[in-house]
Amino acid sequence: MKEGSYANMWDTPPSYSLYETGEAGRMDYFLNQLINGICQGAIYALMAIGYSVVVGVVGMVTFTHGEVIMIGAFAAYYMFFLSGNQIILGLIVSFAASWVLGYFVYKVCYERFFNAPRHVSLLTTIGFSMLIKNLSQIIFGPNQKPMLDVVEANFFRIGAVQISELQIVIIITVIIMATLLSLIFNKTKFGIRLKAVSQDKTASYMVGINVKRVAMLGNCLGCGLGGIAGLLLAVYYQTIQATMGGPLGMKAFASSVLGGLTDVRFSALGGLCIGIIENLGITVTTASFRDMFAFGFLILVLIIRPQGFVSKKGAKV
Amino acid sequence: MKKTILLLIVVSLVAPMLFAAGQSEAADTNVIKLGVLAPLTGTNAEYGKGFEVGMQMAVDKINAAGGANGKTLELVVRDSKGDQKESSDLARQFADDMSIYAILGDFTSGCSMANAPIVDAAGLVQLSPTASNPNYAGMSPYTFSIMGRQDSEAPFFARYIIQKYLGLNKVGVIYINSDWGASSYSNFKAEADRIGLNIVSAVNYVQDEKDFSSLITKLRAANPEVVLILDQGAVPQIINQIRGTGWNVQLATLGPGTSEQLINLTGKNAEGLVLSTPFFFDEADADLMAWRKEFVSKAGFEPTIHPVCAYDTVYLIKAAIEASGSGEITRQTIRDNLAKVSITGVSGPLKFNEPGDLTREYMICAVENGKYVVKEGFDYAKQ
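The text that follows walks through the structure, step by step, so that each part is easy to find. (Residues numbered from 1 in each chain as written. Chains lettered and ligands numbered in written order. Predicted model: local features only at pLDDT ≥ 70, side-chain atom pairs only at ≥ 80, totals over all residues. Heavy atoms only, no water.)

Moving on: the interface of chain B and chain A. With 35 residues of chain B in contact, the opposing surface of chain A contributes 41 residues. Approximately 3,200 Å² of surface area, both sides summed, lies buried where chain B meets chain A, with 49% of it carried by carbon and sulfur atoms. The largest share of the area that chain B buries against chain A comes from B:Lys218, B:Arg220 and B:Asn248, three residues that together contribute 19% of it. Taken together, the connections running from chain B to chain A amount to one salt bridge. A:Arg290 serves as the salt-bridge partner of B:Glu209, at 2.7 Å between the closest nitrogen and oxygen. (Contact = heavy atoms within 4.5 Å. Buried area = accessible area lost by both parts, 1.4 Å probe. Salt bridge = Lys/Arg side-chain N within 4 Å of Asp/Glu carboxyl O.)

Set out below in structure tokens:
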């Protein structure tokens, strides 16, 4: 059943008990926290998918992904500001903006370093991420910016279990993106080239694939997905800030590592797991321990399975 | 070379003493000099400038109206750079200069506290407009502050805003896990326990948290009648996310004050929000608006509460001088009278308690139609 939008929620009487007492109430509460976790996990999953495409195809670890996500969020912010609440337009613009940034990341951080030691491009990505962050602070200002209400704040209830329209939109968007990516990887020539490059660059070169070009496009594609994750985050949290990227990049990295770094499906699963673990952890403690649960879980899994959820090389969907 | 350096050191040590001695000889009995310590340069320069402008406005007004007990006030402004060592050196200079009757400043609690032993030994009042550390004023009988103590607002919030004004009992608290947040919460909780407020759930988070949905779900499960948010920067996000889940619980916040940024970030979600503030530029108050206009024309920027408090300190000193009546005015009489006087300043009623600071009487503000509106005035706390 559907509740009214909160535009006129002041007409309803203040505060009511959402939960029944006893076992049933505890279960509903647990389910609500699970939904929060799934929603957050879905966003982490999208960040991790983009991340593992980048790492898989380029073959080098990146620390600019947080900034890529942030640029996507800002692109969406300005698009919504101009167009009202055209969410499709916002998705396209944030994808495009992060794609363009991905091109520069490729040019600066990877193109000349394919044959250099790995730490060279790693350090370059760290430096470049600082450059983007500081430039963004100068251009966009250091303050938080309010996000427009793009999705109407309706919510659906089954008993005391509540899910908002926004949460549904986020989860559906992530599923669509993951499916599209899967189709690209498996059904198009470009996708097969991407897979080939991520599995073995030398062999791909020998069969006539333009490895650098494919690596560039794969990097941009991963960044574009990061940009969409940025849009979803901005809409979900309703504020954006130039410094928002750092912790998000770490979460994307952690989710991706959990999934085995280059496997797209398992990275998505890693993101989902971290989101759920965090939120269930908060259920029993408090949010000050959020990152402890996320990274504690990561360490625990890596102790048991150092290769993450999967061990084979190369990007797979 | 060594001798030259030694000579320079000796000269630099002796010169201020000679300078100070020269000043004290020139003391004019009809002028009362007040030493001002303010960070005119450095990170807090805006506030230092605010001190200078605010205090000078007060001095000009008092002198134009015939002075304090017929005596003219004069400010001796020194730049402490927000540095404790610098501030202490200047405080010592003021202490040695017998023409200085009282020190106004410094801006930070740190500087003011560093000066406390110096003014204590000299028997010279140091009246800080802004030091809010609970330990500062009790350091010496000569140290005073009017900002209100960090540990007085949270109990006020429990007693007057939640229990009396809102008339609610079940409170959910969400607070930032920082020095400020944790101490605000413990002060709030202590008072809540004392007056029988029921804190049904208290949750916290660390700096830079973005997703509050699981905390909100947790709070909601405890079914509070009012949710109190203790933070500054994250308050708008928490409000937005609470309203985003369709939860129409009463909201209250302690920390951001009457921040315009908060209204800009939350829009209609802030409607009905209740908060406390010691001071508020009420647009309906013509005198206050005239004050603000004068300040802006002289300083070139919008005033916060800090220059307002600086302005009030001068009037407190004036009241202390006038309380001596026809008797002699000394550093000691100013101190003794200052502890006793009671005035209503621009920032509110001012009367020192035993340690030499004051429990601010906070106003209760609510957001109505996108604007802060004062719901209850200063006298509410007296009831």
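On to the sheet that holds strand β2 (residues 72–79) of chain B. Two pairing modes exist for strands in a sheet, parallel and antiparallel, and in both the strands are linked by backbone hydrogen bonds. Residues and elements named next belong to chain B. Overall, parallel pairing links the five strands, which are arranged β2-β1-β3-β4-β5 in an open sheet. Looking at which strands have only one partner, the edges of the open sheet turn out to be β2 and β5 (143–145). Neighbour-to-neighbour, the strand axes of this sheet turn through a mean angle of 25°, independent of strand direction. Of the pairings in the sheet, the one linking strand β4 (residues 125–128) to β5 comprises three bridges and is parallel in character. Each bridged residue has a counterpart across the sheet, and for serine 128 the counterpart in β5 is serine 145. (Pairing = 2+ DSSP bridges. Helix = DSSP H or I, 4+ residues; strand = E, 2+ residues; numbered from the N terminus. Axes fitted to C-alpha atoms, helices over the stretch in contact; angles between N-to-C directions.)

This part takes up the nonpolar core. Grouped together as the largest cluster of nonpolar side chains are 78 residues, with contacts concentrated most on A:Leu46, A:Met47, A:Tyr110, A:Met147, A:Leu181 and A:Ile240. Here the element with the most residues in this core is helix α8 (residues 211–237) of chain A; it accounts for 18 residues. In terms of nonpolar packing, the next biggest core, distinct from the first, is built from 50 residues, B:Ala38, B:Met55, B:Trp291 and B:Leu338 among them. (Core = buried A, V, L, I, M, F, W, Y, C linked by side-chain atoms within 4.5 Å. Buried < 20%, exposed > 50% of the residue type's maximum accessible area, 1.4 Å probe, protein only.)

All right, on to the side chain of B:Lys210 then. Mapped onto the elements, B:Lys210 comes out in the loop between β7 (198–205) and α7 (213–221). Look at B:Lys210 and you get buried, because its relative accessible area is 19%. In this structure B:Lys210 touches A:Tyr237, A:Gln241, A:Met244, B:Gln237 and B:Gln241, once residues within four positions along its chain are discounted.

Right, let's talk about the sheet that holds β7(B) for a bit. All names here are of chain B. Across the sheet, which stays open at both edges, the seven strands sit in the order β7-β6-β8-β9-β10-β13-β14 with mixed pairing between neighbours. The strands lining the two open edges of the sheet, one partner per strand, are β7 and β14 (371–376). If you compare each strand with its neighbour and ignore which way they point, the axes differ by 25° on average. When strand β13 (residues 363–368) meets β14, the two strands line up antiparallel, connected through five bridges. In the strand pairing of β14, alanine 366 is matched with valine 373. Sitting on the sheet, α7 is in contact with β6 (170–176), β7 and β8 (226–230), with an inclination near 170° to β7.

One pass over the structure, following the stated rule, counts 14 salt bridges over all chains. In this structure, B:Glu322 and B:Lys318 form a salt bridge, with 3.4 Å as the shortest nitrogen-oxygen distance. Taken together, the residues span about one helical turn, with B:Glu322 and B:Lys318 both in helix α11 (residues 305–322) at a distance of four residues. Here B:Lys318 falls in the buried class, since its relative accessible area comes to 19%. Each of A:Lys251, A:Glu278, A:Arg290, A:Asp291 and B:Glu209 takes part in one network of salt bridges that share partners.

Attention now moves to the layout of surface pockets. All names here are of chain B. Reported here for the largest pocket is a volume of approximately 1,400 Å³. Around the largest pocket sit 44 residues that line it, and Pro256, Gly257, Thr258, Thr277 and Ile305 are the ones nearest its centre. Only α5 (153–165), α6 (179–195), α9 (260–266), β10 (274–277), α11 and β14 provide two or more residues apiece to the lining of the largest pocket. Take the lining of the largest pocket: its biggest share by element is four residues, from β14. Classifying every residue of the lining of the largest pocket gives 19 nonpolar, 17 polar and eight charged. Split by domain, the residues of the lining of the largest pocket number at least three in each of domain 1 (27–147 + 287–351) and domain 2 (153–277 + 362–382). (1 Å grid on protein atoms, 1.4 Å probe; cavity = no way out; pocket = protein on both sides within 12 Å on 5 of 7 lines; lining within 4 Å. Points joined across faces, edges and corners; volume = space filled by probe spheres on them. Nonpolar A, V, L, I, M, F, W, Y, C, P; charged D, E, K, R; others polar. Domains from an automatic or database assignment.)

Before going further, it helps to examine the packing of helix α9 (residues 245–258) of chain A against helix α10 (residues 264–284) of chain A. All names here are of chain A. As a packed pair, α9 and α10 sit with axes 7 Å apart at the nearest point and diverge in direction by 120°. In terms of crossing hand, the pair formed by α9 and α10 is right-handed. Contact residues: α9 offers Lys251, Ala254, Ser255, Ser256 and Leu258, while α10 offers Ser267, Gly270, Gly271, Cys273, Ile274 and Glu278. Residues of the contact of α9 with α10, tallied by class, amount to four nonpolar, five polar and two charged. (Left-handed = near helix turned anticlockwise from the far one by under 90°.)

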